[in-house]
Every structure is written in structure tokens, then in C-alpha cells.
4 protein chains.
Amino acid sequence: MSGSTLGKLFTITTWGESHGKGIGVVIDGCPAGLPLCEEDIQIYLDRRKPGQSRFTTQRNEADAVTILSGVFEGKTTGTPISLVVYNTDQRSKDYGDIASYYRPGHADYPFDEKYGFRDYRGGGRSSGRETIGRVAAGAIAAKLLAELGIEIHAYATAIGPVTIDRNRFSLEEALNNPVAMPDAVAAKAAQDYLDECIRKQDSCGGMIECVITGMPVGIGEPVFDKLDANLAKAILSIGAVKGFEIGDGFAVAGSCGSTNNDSFVMKDGRITKATNHSGGTLGGMSDGSPIIFRAAVKPTPSISSTQQTVNKSGEEIDISIHGRHDPIIVPRAVVVVESMAALTVLDLMLSNMSSKLEHIKKVYS
Amino acid sequence: MSGSTLGKLFTITTWGESHGKGIGVVIDGCPAGLPLCEEDIQIYLDRRKPGQSRFTTQRNEADAVTILSGVFEGKTTGTPISLVVYNTDQRSKDYGDIASYYRPGHADYPFDEKYGFRDYRGGGRSSGRETIGRVAAGAIAAKLLAELGIEIHAYATAIGPVTIDRNRFSLEEALNNPVAMPDAVAAKAAQDYLDECIRKQDSCGGMIECVITGMPVGIGEPVFDKLDANLAKAILSIGAVKGFEIGDGFAVAGSCGSTNNDSFVMKDGRITKATNHSGGTLGGMSDGSPIIFRAAVKPTPSISSTQQTVNKSGEEIDISIHGRHDPIIVPRAVVVVESMAALTVLDLMLSNMSSKLEHIKKVYS
Amino acid sequence: MSGSTLGKLFTITTWGESHGKGIGVVIDGCPAGLPLCEEDIQIYLDRRKPGQSRFTTQRNEADAVTILSGVFEGKTTGTPISLVVYNTDQRSKDYGDIASYYRPGHADYPFDEKYGFRDYRGGGRSSGRETIGRVAAGAIAAKLLAELGIEIHAYATAIGPVTIDRNRFSLEEALNNPVAMPDAVAAKAAQDYLDECIRKQDSCGGMIECVITGMPVGIGEPVFDKLDANLAKAILSIGAVKGFEIGDGFAVAGSCGSTNNDSFVMKDGRITKATNHSGGTLGGMSDGSPIIFRAAVKPTPSISSTQQTVNKSGEEIDISIHGRHDPIIVPRAVVVVESMAALTVLDLMLSNMSSKLEHIKKVYS
Amino acid sequence: MSGSTLGKLFTITTWGESHGKGIGVVIDGCPAGLPLCEEDIQIYLDRRKPGQSRFTTQRNEADAVTILSGVFEGKTTGTPISLVVYNTDQRSKDYGDIASYYRPGHADYPFDEKYGFRDYRGGGRSSGRETIGRVAAGAIAAKLLAELGIEIHAYATAIGPVTIDRNRFSLEEALNNPVAMPDAVAAKAAQDYLDECIRKQDSCGGMIECVITGMPVGIGEPVFDKLDANLAKAILSIGAVKGFEIGDGFAVAGSCGSTNNDSFVMKDGRITKATNHSGGTLGGMSDGSPIIFRAAVKPTPSISSTQQTVNKSGEEIDISIHGRHDPIIVPRAVVVVESMAALTVLDLMLSNMSSKLEHIKKVYS
């Protein structure tokens, strides 16, 4: 088990290294009958591919996806869907020297200790390119969820010290600027800040928020496979994420029951909540309100300013990492967050199908 | 699948409702040869059992554990360990009325939607008593980890608005006061605050921090089963937790790569890190520094002041929840956090055993 | 992982030793809304409990089941169902001497090698009593399947050299005689043969057949989780089973395609098969015909005639095993086979629910 | 879940259709440090590839494997190994007509019922070509097992009515004749019989035996994940297998305890068994004797003589299947059986590593 599989019923298994032959994913358990073509997936991959702004690596990859199996006559067949993106712009020679030392903030050192050695080229398996498989699979999950009326949107709420103003919130705007912020003013300030980071040969962190609407009530399992617990795992499994919160999140630590509880009220003849401090889950299950969660993303660890580290011979050395690196991870990670959310929600929706006898009789009658 | 099983190799399956016959857990995959008796487990359970201070429910439960299987002549046999705590102080009549409406902040409503009905007595499966199984299993995991030199300690860093002063930090102190704070001054202030909450018929949230020391380097799997990802899931699966962060956590959003990266240095001939912004993980694997994470815990949703909600007939009503409830969840949740951490770490340590051929040859030679 | 959990969605975890405090099972994933009481389960347990004829051990166990969780107001709640049967007639002293040597045909030797030591009392975890948990869970699975029109019946087709005559086949008769044979004449001959075995202080093997009717078409997953593959695992996981075949089974080795293929024909406007050489599966999925499989069961290894073995000191010794043993395993194993079949079929039916988008829309609309 | 993943720690996920772009497998959990190149895998694939004798389909496929990930500088890295064999000789037009009807003995009908439609070209996912992924993964498992001194050999013991003579048994011979029989005389007779089958436009079944040597004692888990149970599942998951038996197998039904029990004896200072009726397992764990099991393989269902069936419109029709088909499945299935055995044994050996504390301390000290 090297932990490259996620999900119980809609299961994805990713593979590939940054500078190997390609990156891919096998999706097992995709229901049959979903219309699917490569373009459906490419749209998602294009949102994370490099070279879209001056804030992303200039590695020249089209990240073009090929469907190798599981789709026939334009529809999923119910059998495994194998997707591959071949690597085309590997400049492995850029990485020759990093074989000998451990980059701060990277997985190099634990990788060597765990496995005895590592594919050091571009971070190998721990490269951000590993997320290609997640996004490709996430595109399919999102398409299937859309058929059920469920929509997922993520965006940046903070880039370094620059945060959005909720009064200017526009989901559309988040798709129009290179920092994925739903606030044009903040997006401008964030870009200025990033230019400064580049000048200082430094990088910065940020925050991503994600909203899921249209969920039926009761999705998520009451004990370990809570909707929020599975989301937390899925989001923390993204390389640079260091924190996850849902609803009021860390603010609940300072709040009171009387303010934190969301009252139930009737609206248009349906049960709903007057507020949404819970972020759309109660007892680990969806409660009918939008799911809202946030992820804290650390600064890109690869920076060209000088850093102190040790090499494999145990000598302390100074290094400066050159190559093609993003000064910030957040904008390209937004679609990764959406993808992980889609995979998590879909998997729990499928397992929820057998929650009651009534459902089973609907299918088998 | 109702999601009551956790872990791949050291697997726990919990069962039981608040007012059913008992609460229990089956541990499958505990290695043979670990000395184990009921007292080892009882020590942990006693840290979460009610009635230890004026800040916990006065439900009178000894929470005495019985080992039903898997231990012979004082040692684990390698077969499933079945543990049970029989419920003794069920006052189900206290809960008769809650059958008809949905308590704010509780799982009642999604439970009914998911399953069609629910065991409403004391929250049924969504009661805090469900964590008894986790703590009983966690005690065993912690004992096994101790044999490998790994220690886990959790404590409260915030109770409502009261936070600890790191200059007064004392791990011992956390075991001496009823709010589990490692700072005697803050603990006193926290108790005053809680008394005020009780007077106001309200409840409050708080923050728990957990530190794991003695971990070998390389524990955790690089992609989905990252150490931090699995910890996040385990911690968010605790009923009232709304946020998880590791190392600098949410603060990374505002930091720079040059400050957030931890330099590697040599110390006593071994590779170590000069700082620990990462919280002890790199690329999802342990990096040799202590693992440090925090969880945000929401206020107890059961409060006796008046709240607005709806009943099963779709009528808006006012309710006031009486019964035996803690004004704060944090103190009793501290040992639950430790337990979930122990279970997560141990499971990943067992799966890491087959990470390299060299390990396999050590076992089979 | 000690392999005590089976199933993906309808998951059972068994625990307990022959001479420990009890034997039990936790069922996770039972859909909510199934009417269930202890009597439903007891009926199944009574079919395997000892002392029902002169051919079973005289150990005096009522094997009375208690439901500890997961059932409320007479229906399953969707949460884990914990079942326990307390051991009442442990005569551990009978087994003191077997601690020191390895019984032929038993698991003693590999158990010691695997775990370093073993609970030797009555075979510990490898006792036939371990199947109590399977049967208790199987009773629930069978009840749920019955709601969907699926019936499962097993019976003995051979006891030692005595085999049934298909012309005298009567399913009812199998419930009327102590050897579970669906042929009264063969049953009589079998009992005579068993009396002879007892006189010779020997034991004998036999064959169990199982038929499943009412299955929808398409249950089972096309590659590894084939219906027949999962059945084979489930049946071979019963202690004494040494062979499994489905449909024509081993006879296919000598047959031709032209005779082994089952033609499809129309009957009453529905597609059906003219013959059933396949035993009801094609490509690992149910094909609409009855599922028919057989299991070969070895003779009880505990016999009182003298046998040669070695002790833990590596000395060759002669032993004679006394105590309370069945001269044949088959009659009591019949209900175990039915139970394992029910568990396997139900689990695959639940996972099949998400096989196509059409099903998903039925549930979520 | 479409059941395309097998294994807990050494996990394989296969994908691909007969006439899609290719067939592949992702292996997750292969330990790091195993020397591996494409040739290691190709040797296994060449044993199952078509066109090697007049008894196999004349479809012209090189079945050349490419390693896409997980190997660096000639060794496995511990990350997922993605293997692909691109299809090159798809003649999909051969299959146009089978879209409209259900071939006897094939998965067509249940496939349509389960998924709503199917990729009918060459059997799609249910084609024998699906086993390419198993064999490619099995080659790696077998190489790793060889490092631990474990060898696996399979061969045909029966082709239609022709069976081997154990007195002429030669493992080497099985690699020298096109029917994989370890007896030159029987192999000659089998070929004559197959020529006759071809003349009659018919096909035949056969039997495969497999022997595993060098196993440590205690591999396999005592309850559901018994070594024999997992082998049974793995072997029955091969398309055409209809029966599995271990050791004396079905013959135990007629035997007595006194003859079926294997006595333990001392040999060269080690515990061993005087006989091996058990086939190398006791209580589901390896007992130190060679593991011996057999699989019954049905005749190729595709035959060119006329057969009766129904079409999708529910009309009874006569068909004659032309195209490129093997008159017997057995010879090419031999390496599939070896591969499935290797995968099963290795996975259980890895999970057995954490069976006792002593093992854990060996790895973490």
C-alpha cells in the first residue's frame, strides 16, 4: 500500500512522476451511462496547467488527456476509466544536483528514509504534477454530480496578506483573473504582491474556499466516514495544504452554543436552517445548507533565494533552487480542491444509496 | 457501509448507542505479544468518563471496560480484541420529547432523512458516548506505540476566549486541572468563564493541541494516505471538531517561503530541522520533528436556554433542552484526540513496514 | 489486519474464541428499516448449535444471541448491529494438554509460528465456534434478501461414501434428518455410516450443495469481485472446506464447448437459459438462472484413535484426542454455507446499486 | 466499485478492453528496491500471448509492455507502477454483429442488464485480454517472492479427457510443449485431441495445477482472509474457472479423519508433515508443506458450430461465431494462474509482517 487509491465505490488510483513518461489515473466504479469525452476532462486540466500567467511555472506542458478505456460510443461503460497525460517537457538535467541534498519544505528527506532512495527529478512522485490524476478524475465526478443537481465552486480568499472583501464577492470574477479571486480589487492587489514576491525571489501562501450546493440531506456516514472528515482528508492530501475548516471553523473555539447553533426554520414548506455556522453538515452528514469549507495553502517551498540545508553525506550546505517554479500554489490548486471535493461527495453519495431498505427496493423492483 | 470502521491494518470497528445496552469496539489487526489488561484501557476511559468535575454531565457511568476476546495469559493473541462498556445509567425518559423535533446543532435531522427514522434516546449513535470505543482502542494503540518509543499528548490551548500562555506551559499541569490546560493560570480563568456559561445556560467552544514525539522518519504514504491527511480525517471524525491544522496551520496563508521553510541542520550527527513550521510532516510523511496539530471544537449544542427549531410535522417551535449536558466538550475530548492520533499513527506505521524490500527481508530471514 | 472483516458495504467483523467470554459479530452497513428481532437470528443459530443429534458434540451451549446495538423499536437503524453469544460451557481443563503439542489437521502449529503463541483452549480462534458470528450475521442478510425475493438453501449431497439420489430430492427432507440430506434413504444410510465411524473412533467428510434463487441478472463485478469468486472465498473461508465448484464445476474439464454452453431461449416473454451448466453466472455476474455451487468438507480432524505428532519441544509423540467432537462437520456446516452465501450475495447487490446512472437517479430524485 | 482492484497491501488495479486503446494495470504498494525492467515482465506476458501454437488465436499481438511509472534507475521506487500494453491488432468489424445478440457462455447478457449497454467488441472488458494486467503484475510479485525463496509453478494436468501420468511428471516438460503439460506423452495425446476439436468446430476444457514452494509457516489470516480462501477467490476470478480445490480437494468428501490428517514429524531437526493431504494449509495458514491447488477450466465458449440464442429484440436465432478463437483456454491460462497465486501469496506475506510485536520491533529498531 503506497496510498495511491482513494474512495470506496467511486475509486481513483493515481500514478506517475513529474519527469517520468506520464501521469495518470484509473477510475473504478464510475456508473455506466454518463456521457463523457476527453474535452469534458480537458476543461478541468486546463485550469491547472502551467503557463497561464506570469505567476505559474513556464514549464511548457499541454497536459492533454487521453481516455484509454471505460468509454464506448460517448458514454461511460461502468468499467475502469484509464486516463493518461504524457509528460512532454521534462528537463531532468535541471534537477541533477538536487539528487544529492534535501530541499527545505520538500519531501526529499522522508522519501529517502522511507524507501531507501528516490526519483529526485522534479520532485518525482511528490511533484504538484501528481494532482493531474486527481483533477482528471474530479472532472468526471463533477460531471456526474451536475447530473444530480450538485455544483462545486472553489476560489482564493487570500493571497499572502491580501484578502477578499465579501461585499464585492463574484463567483464569475474568480474565473477571470489569474489569482482565482472572486473580487476584482483584491485580485489586482494580490498580483502586485506576487510581483513583489518574485522580485524578492520568495513565494507566498494563501487560502482557498469551496462551496457545494444542491446536496441532498443525509450524505456522509455518522462515525468515521463523516462528510467533513472525508473532505478534510481529501483536502489535506493535497501537497501544500496545512489546515482545513468547515463552516465557522476555528472561530467556533471562541463562540457560544447559543450563537453557534443554527436554528431550524420552515421556508417554502421545507425544513432549512436560519444560519449556516455549521457549514452544511451536522453529525457528519449534509444538512441541506451549502457545504462551505476552507483550506490553508503554504508558500511554494522552491525559492531561488539562498537557503540552508544538508546533503546526503550529512554536510551542511547553502543552496539556491533555480528552475521553473510558481511563486504561489493557490491559483492552480483551486481546481484541485474542487476535484477532491467532487470525488469525496460522489463517493459518499454512492455509499449512501444502501442506507435504507426503501432505496434498495427502488433499485431492485 | 455505515462508516464505523477505521484503519487498514490496525482496524477498529465501533458500535453502540447512548441508551442501548452498551458501547463497544472490535480491534482487528493488533499484533500478538503486547501485554494488555483491562486496567491499561480503563486509565484512558477514566479520562473521558463523566462526572469528574462540575463541568461535565452528571450522568453516572463507571464506564468499566470488559475484554471479551483477543487476550490470553496477559498478552494480545493477534486475533480480534472485543471490548465492551455496558450502559448503566440510561434515563431514556429524559429524551422522549426530542423524538418529535430536531435539536439545533445536533444530527437529528440528517439522521431522519438518511435512515428514515432514528434512535433518538440521548442522540443514539451520534452521542458523545460513541467515542468510548475510540478511546478504548486508542489506549491499546498508545500502549503499543510506547513500546516503540512514541508518545502522544493532547491538552486544551483555549476554552472560549481564554487561551494559554506558552511561557507557563506545563504538560503535567494539563492532567491536574479539570479543563486540561497546560497552564494553571489560564485553567483558573477558564473555570471562571465556564461557571459564567453555566449561569447563562450556555456553552462554549475551545481548542485542543496534540504533540507526537519519537516518530521514525518516513511514516505516512505520499499521496492520499498522508500522515496529516489521515490525522485530519481521524480528528474531524470526532463529533464536534470543525477545524484541523498542522504546524503553522492557517498562519501559512500569510507567510513566505523564506520563513515557512524549515532548514535542515545536523545535530549530534543526525539530520534534523532548525525550526518546525511544518509540524513534523513533509510531503505527508513524518520528518523527524515532533508532530504538532490543533483541533477546533464547537460549543456543546445542547443548551437549556430557549432555541427555535421545527418538529417532524414541519411546525416551528421553541424548545429548551434539559437533561445532563457538559457546558464544554473540550476537557473530555482531549483523550479522544490522543486516541485518534494513536490509532492513525500506528496504522500508518504498520503499513509502512512493507515500504522497502530491506524491511521485508528483515522479517522473513 | 487479522482478516476478521468481510464485505465492502454489508460488512461483518467477527470476534471471539472457543473458550473465551463469548463469540460475536459486528455488522456495519445493514440498511435501515429491516424488521429484526433476536428470534430471527436464533432460528439460524439453532441450526448450527451442538447437541441436536448423536452426531454432534455434546458440549452444552444454548448459543443464545443478544442484540447489543443497531436495532430500535423492532427495526434496524442503519448503524452497526452488535451481536453476542456468551460462552457458558467452557471446560478448558479438557484442553490443558494440547497446549504442549500440535494436533494433526488443526491450526495449532501455524498459529504458534505466526503469532508466537496461541490460546489453545478448544482451538481458540480456529474453533468451529467462530462460525457463530457468521451465522448470526448471515441470518440478517438472508432476511433482507428474502425481502427482495431471493432464497438460499443448502443441504448435504454426500456423507462419506453415501451420496443422495437426485430422483428422491426433497428440500424439506433436508430439514427433517440430522444429516441435512434432501433424500430420506440416503440420510438413513449416512447415519449408519456415521455410527460406524464413531465405533472406529474415526470421522468422515462430505459435500454441501447450495442453491440461490430469485437473483436479478447482473449481480457480481466483472473482474476480481465476480459473484463466483467472492462465493469461493466466502466458502473456502469456512474452516474445513477444501474445494468449491459452481455449476458443472470440475466436470467442465472434460466437456466440450458445444455441450457446456447454455443456449439462451425465450420463456414467457423473458430471456432465460435452456440449461444451467454455468451454475447461474456468466462472466462473474448472475445470469438469471439459479446459482448452484458445491463445497467439499474434510473429516473432523479431532479423532480419538491414536495419531502421531510432535510437541513444542520437537519430540515425536503419540496422541489420542478426547473431548467433545463431532464425527462429521457437514450437518452443522450447512447453515454456515447458507450464511456465507447470503452475506456474499447481499454485499454484491448493494455495490451493484451504483452500476448505472439510471439507478442513481432512481434513488436521488 | 466495479471490482477491478485486488489486494490489501500489494494492490493491483486493472483496466482496458479487448478492442480499446490498450490494457493495463497499476500496482500500488510494491516495496521499493526491487530490481525491475520491462524484460522481467515481458517474459511472463510472452507465455500468455496469442499466436504461439496452432491452438491459440491468430490475433497478431506482440503484447509488448511499457513501464510508465514507479521504476527509477532499474529499481522499484515504492510508488505506483503503471504498466500498459497497447492493442495493435483490433479488428472490431469482426464483432459488429455480436452487438445485437447474446453469445452463449459469454458475459454479454448480464453485462447489458447490469450496465444498460456494453462495449461488445471482442468481449470488451470480459475478454481474455483482461488477464494481461494480471500477468504483468504477477510477474513483479513472482520476482519479489523469488527474492524470498518462494517459487510458483503451474501446468496443465488435463486437456479434455487426456490426463497426465504422475510417474512421467516433469516440470521442465511443461514449458516445452504447447499444451503446458508436465508429461510429454500426455501432451502429444492432448494435441491430437485438440486437432480433433478444431475439426469439429468445437472446444474443450481442462485442469490446471499449481505448486508453491518455499513458503514460511503462518502466512494467511485465520478467519476470512485464509490463504486458501484468498487463493480460491483469485483463481475463480479468472474468467473460465469453474472450480478450485486445495490438497486432496473434493476427495476429502469421501475420506476419513484417520487418513486425511497429516501427521507431524521431525525431519532434519525441523517440524514437517509426513504427508500433505492438506495441500500446505492448516486453519487457513501455510503449514510449511508445498501449497498445491487445482483449477477446473471450462471450454472456450466461442465455437464456430451452430448455436441457439436470443437477440436484443427477444427473438430466438441461430448463430455461428467466427473470428479468431482458441479451441482451449488452459495453455495460456497457466501463467495467469501462476500470476494470481503470486499476487495472493505476496499480499498475505506483507500483511503478515505485522502479526506480532517481535516483527515490528525488527523493522523499527
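Residues numbered from 1 in each chain as written. Chains lettered and ligands numbered in written order. Predicted model: local features only at pLDDT ≥ 70, side-chain atom pairs only at ≥ 80, totals over all residues. Heavy atoms only, no water.

Draft legend 1. Looking closely at the interface of chain C and chain D. Contacts between the two partners involve 100 residues from chain C, matched on the other side by 100 residues from chain D. Here chain C meets chain D over a buried area of about 8,300 Å², counting both sides, of which 63% is carbon and sulfur. Across the contact surface, chain C and chain D share 4 salt bridges. The closest approach of N and O atoms between aspartate 225 of chain C and lysine 233 of chain D, which form a salt bridge, is 2.4 Å. Here chain C is connected to chain D by 43 residue pairs in polar contact (both at pLDDT 80 or more). Classifying every residue of the side of chain C that touches chain D gives 41 nonpolar, 38 polar and 21 charged. Two elements, strand β11 (residues 241–246) of chain C and strand β11 (residues 241–246) of chain D, share 3 bridges in a ladder whose sense is antiparallel. Counted as the bridge partner of glutamate 245 of chain C is glycine 243 of chain D from β11 of chain D. (Contact = heavy atoms within 4.5 Å. Buried area = accessible area lost by both parts, 1.4 Å probe. Salt bridge = Lys/Arg side-chain N within 4 Å of Asp/Glu carboxyl O. Polar contact = N/O pair within 3.5 Å; in protein donor to acceptor, adjacent residues only side chain to side chain. Nonpolar A, V, L, I, M, F, W, Y, C, P; charged D, E, K, R; others polar. Pairing = 2+ DSSP bridges. Helix = DSSP H or I, 4+ residues; strand = E, 2+ residues; numbered from the N terminus.)

Draft legend 2. Highlighting the environment of leucine 9 of chain A. All names here are of chain A. Note on placement: leucine 9 falls in the loop between β1 (5–6) and β2 (11–16). With a relative accessible area of 2%, leucine 9 lands in the buried category. Once the C-alpha coordinates of leucine 9 and methionine 349 are considered, the two residues, 340 residues apart in sequence, prove to be 9.5 Å apart. (Buried < 20%, exposed > 50% of the residue type's maximum accessible area, 1.4 Å probe, protein only.)

Draft legend 3. Structural detail: the interface of chain B and chain A. Opposite the 100 residues of chain B that make contact, chain A presents 100 residues. Across the interface of chain B and chain A, roughly 8,300 Å² is buried in total on both sides, 63% from carbon and sulfur atoms. For the chain B face of the interface with chain A, the top three residues by lost area are Lys114, Phe224 and Lys242 of chain B, together amounting to 11%. Across the contact surface, chain B and chain A share 4 salt bridges. Close ionic contact of glutamate 221 of chain B with lysine 114 of chain A constitutes a salt bridge, the shortest N to O distance being 3.3 Å. Inspection of the chain B/chain A interface yields 44 residue pairs in polar contact (both at pLDDT 80 or more). Of the residues assigned to the side of chain B that touches chain A, the class counts are 41 nonpolar, 38 polar and 21 charged.

Draft legend 4. Local environment of the packing of aromatic side chains. The tally for this structure, following the rule as stated, stands at 30 aromatic pairs over all chains. Ring centres of tyrosine 120 of chain B and phenylalanine 72 of chain C lie 5.4 Å apart, and the angle between their planes is 85 degrees; on these two criteria the pair is classed as edge-to-face. A residue pair is termed interchain when its members come from two chains, as with tyrosine 120 of chain B in the loop between α2 (108–115) and α3 (131–147) and phenylalanine 72 of chain C in strand β5 (residues 71–72). Assessed through its relative accessible area of 6%, phenylalanine 72 of chain C is described here as buried. Here a set of aromatic residues connected by ring pairs shows up, and it is made of Tyr102 and Tyr109 of chain A together with Phe264 of chain B. Taking the ring centre of tyrosine 115 of chain A as reference, the NZ or CZ of lysine 114 of chain A above it sits at 5.8 Å. (Phe/Tyr/Trp six-rings, centres within 6.5 Å; stacked < 30°, edge-to-face > 60°. Lys NZ or Arg CZ within 6 Å of the ring centre and 35° of its normal.)

Draft legend 5. A look at the relation of the copies chain B and chain A. Expressed as a screw transformation, the operator carrying chain B onto chain A has a rotation angle of 180 degrees and an axial translation of 0.0 Å, and the superposed copies differ by an RMSD of 0.0 Å. On the angle and the small slide along the axis, the relation comes out as a two-fold axis. When the interface residues of chain B are mapped onto chain A, 100% of them again lie at the interface, so the same face is used by both copies. (Least-squares fit on C-alpha atoms with pLDDT ≥ 70 in both.)

Draft legend 6. Examining the sheet that holds strand β10 (residues 206–213) of chain D more closely. Ordered in space as β9(C)-β8(C)-β10(C)-β16(C)-β11(C)-β11(D)-β16(D)-β10(D)-β8(D)-β9(D), the 10 strands form an open sheet in which the pairing is antiparallel. The open sheet has two free edges, formed respectively by β9 (162–163) of chain C together with β9 (162–163) of chain D, since each of these has just one partner strand. Sheet contacts for helix α5 (residues 227–236) of chain C: β11 and β16 (291–297) of chain C together with β11 of chain D; angle to β11 of chain C, the most-contacted strand, approximately 160 degrees. (Axes fitted to C-alpha atoms, helices over the stretch in contact; angles between N-to-C directions.)

Draft legend 7. Broad picture of the pairing of strand β10 (residues 206–213) of chain C. Residue and element names in this part refer to chain C. Of all 8 residues in β10, 7 are buried; the element is thus mostly enclosed. Examined bridge by bridge, strand β8 (residues 151–159) and β10 share 8 bridges and lie antiparallel to one another. Considered in β10, the bridge of isoleucine 152 is made with isoleucine 212. Bridge count for β10 against β16 is 7 bridges, and the pairing is antiparallel. Across the sheet, valine 211 pairs through a bridge with isoleucine 292, a residue of β16.

Draft legend 8. Representation of the side chain of lysine 233 of chain B in the model. Among the structural elements, lysine 233 of chain B can be located in helix α6 (residues 227–236). A polar atom in the side chain of lysine 233 of chain B sits 2.4 Å from the side chain of aspartate 225 of chain A. Ignoring sequence-local partners within four residues, the contact set of lysine 233 of chain B consists of Phe224, Asp225, Ala229, Asn230 and Lys233 of chain A together with Leu6 of chain B.

Draft legend 9. Seen up close, the pairing of strand β12 (residues 264–267) of chain C. Residue and element names in this part refer to chain C. In terms of strand pairing, β12 meets strand β13 (residues 270–273) through 4 bridges, oriented antiparallel. Across the sheet, the residue bridging to methionine 266 is isoleucine 271, located in β13. The hairpin turn running from β12 into β13, its antiparallel successor, is 2 residues long, and aspartate 268 in that turn takes a positive phi close to 50 degrees.

Draft legend 10. Inspection of the pattern of salt bridges at higher detail. The tally for this structure, following the rule as stated, stands at 105 salt bridges over all chains. Residues glutamate 38 of chain A and lysine 21 of chain D are paired through a salt bridge, measuring 4.0 Å at the closest nitrogen-oxygen approach. Of the two residues, glutamate 38 of chain A sits in helix α1 (residues 38–48) while lysine 21 of chain D sits in the loop between β2 (11–16) and β3 (22–28), which places them in two different chains. Across the pair aspartate 192 of chain D and lysine 188 of chain D runs a salt bridge whose closest N-O atoms are separated by 3.0 Å. With a gap of 4 residues between them, aspartate 192 of chain D and lysine 188 of chain D both fall in helix α5 (residues 184–199), about one helical turn apart. Judged by relative accessible area, lysine 188 of chain D falls into the partly exposed class, the value being 49%. In this structure, a network of salt bridges that share partners links the residues Arg103, Asp108, Asp112, Arg118 and Lys312 of chain A.

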